[in-house]
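# Examination of the molecular architecture
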Amino acid sequence: MKKLIAIAIAMLFMVPALVSADDTVNLSGSYNLFGYSTENISDFDDANNDESDYYYQRFRVATKITPADDITAYFRFDLAEGTWGTSFNDSIVARGLTNTGSPTTSADSQLHVDYAWVKVDKEMWSVQVGQQYFSVGNAITDFIPQGIKLTIKTPVVITALYSKRDEGLSTNDDGIANEDFDVYGLNLGYAADAFTANVFYVNFSDDNSQDER
């Protein structure tokens with residue numbers, strides 16, 4: 001008989017937003033603890049002993065800074081994310097390790113920076129620069145690169161995306177091995193009461209491998 005047992009327990013609290021006297025800084029966050037108990041999860045075969053029991057945690061902190069009505073700076077990071085007893089050393093004071101390579105952690109349990117961007121938002125346009133979420137076509141294609149997003153707020157909203165995905169072996173572009181990998185995107189979006197529509201184009205240009213998609 002093949003069976004699969006997986007139990008996840010989540011403990012979550014939200015840190016109350018901390019707002020300064022001039023309402024320019026907002027701090028929020030959450031702590032998650034997951035407990036997993038699995039059996040036959042890898043091959044669904046009772047003949048193999050592949051039971052697994054472990055705890056996984058994540059401490060997330062987000063900060064939003066608005067020095068002016070049309071300027072926003074935002075960053076979010078995760079602290080001490082990983083599996084208890086695997087992603088941390090085994091001493092009494094168990095600090096996070098770096099590049100553990102465990103399949104149940106994201107390699108570095110000390111600090112993960114998810115987003116770090118600044119946005120200028122005007123009446124007819126906005127531009128957002130930094131590590132941010134990109135999506136086109138109702139999120140049919142999405143990713144989180146370091147790049148620039150320009151939005152033109154016409155009845156058909158025009159969003160242009162650019163990202164430097166990879167500089168190659170060096171920022172010096174001399175030679176094939178040093179060539180860049182760039183991403184370009186364009187999304188045209190229209191929203192009405194009854195429907196929304198998007199037309200988009202994304203180009204992945206890898207000059208290193210001479211691959212363009």
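Up top you'll find the structure we're talking about.
Notes on the structure in this doc start here. (Residues numbered from 1 in each chain as written. Predicted model: local features only at pLDDT ≥ 70, side-chain atom pairs only at ≥ 80, totals over all residues. Heavy atoms only, no water.)

This brings us to the pattern of salt bridges. Pairing of side chains with opposite charge becomes possible as their charged atoms draw close. One pass over the structure, following the stated rule, counts six salt bridges. Residues Asp78 and Arg60 are paired through a salt bridge, measuring 2.8 Å at the closest nitrogen-oxygen approach. Here Arg60 lies in strand 3 (residues 52-68) and Asp78 lies in strand 4 (residues 71-83), a separation of 18 residues in the sequence. Taking the relative accessible area as the measure of exposure, Arg60 reaches 18% and is therefore buried. Between Lys164 and Asp182 there is a salt bridge, with its nearest N and O atoms 2.9 Å apart. Of this pair, Lys164 sits in strand 10 (residues 157-166) while Asp182 sits in strand 11 (residues 181-191), and the two are 18 residues apart along the sequence. (Salt bridge = Lys/Arg side-chain N within 4 Å of Asp/Glu carboxyl O. Helix = DSSP H or I, 4+ residues; strand = E, 2+ residues; numbered from the N terminus. Buried < 20%, exposed > 50% of the residue type's maximum accessible area, 1.4 Å probe, protein only.)

Counting six residues, the largest nonpolar core is built from Phe134, Val136, Leu161, Phe181, Val183 and Val202. Among the secondary structure elements, those contributing two or more residues to this core are strand 7 (134-136) and strand 11. In this structure, Val136 is in contact with Thr141, Leu161, Asn187, Phe200 and Val202, ignoring residues within four places of it in sequence. (Core = buried A, V, L, I, M, F, W, Y, C linked by side-chain atoms within 4.5 Å. Contact = heavy atoms within 4.5 Å.)

Geometric descriptors of this kind do not, in isolation, establish any biological role.
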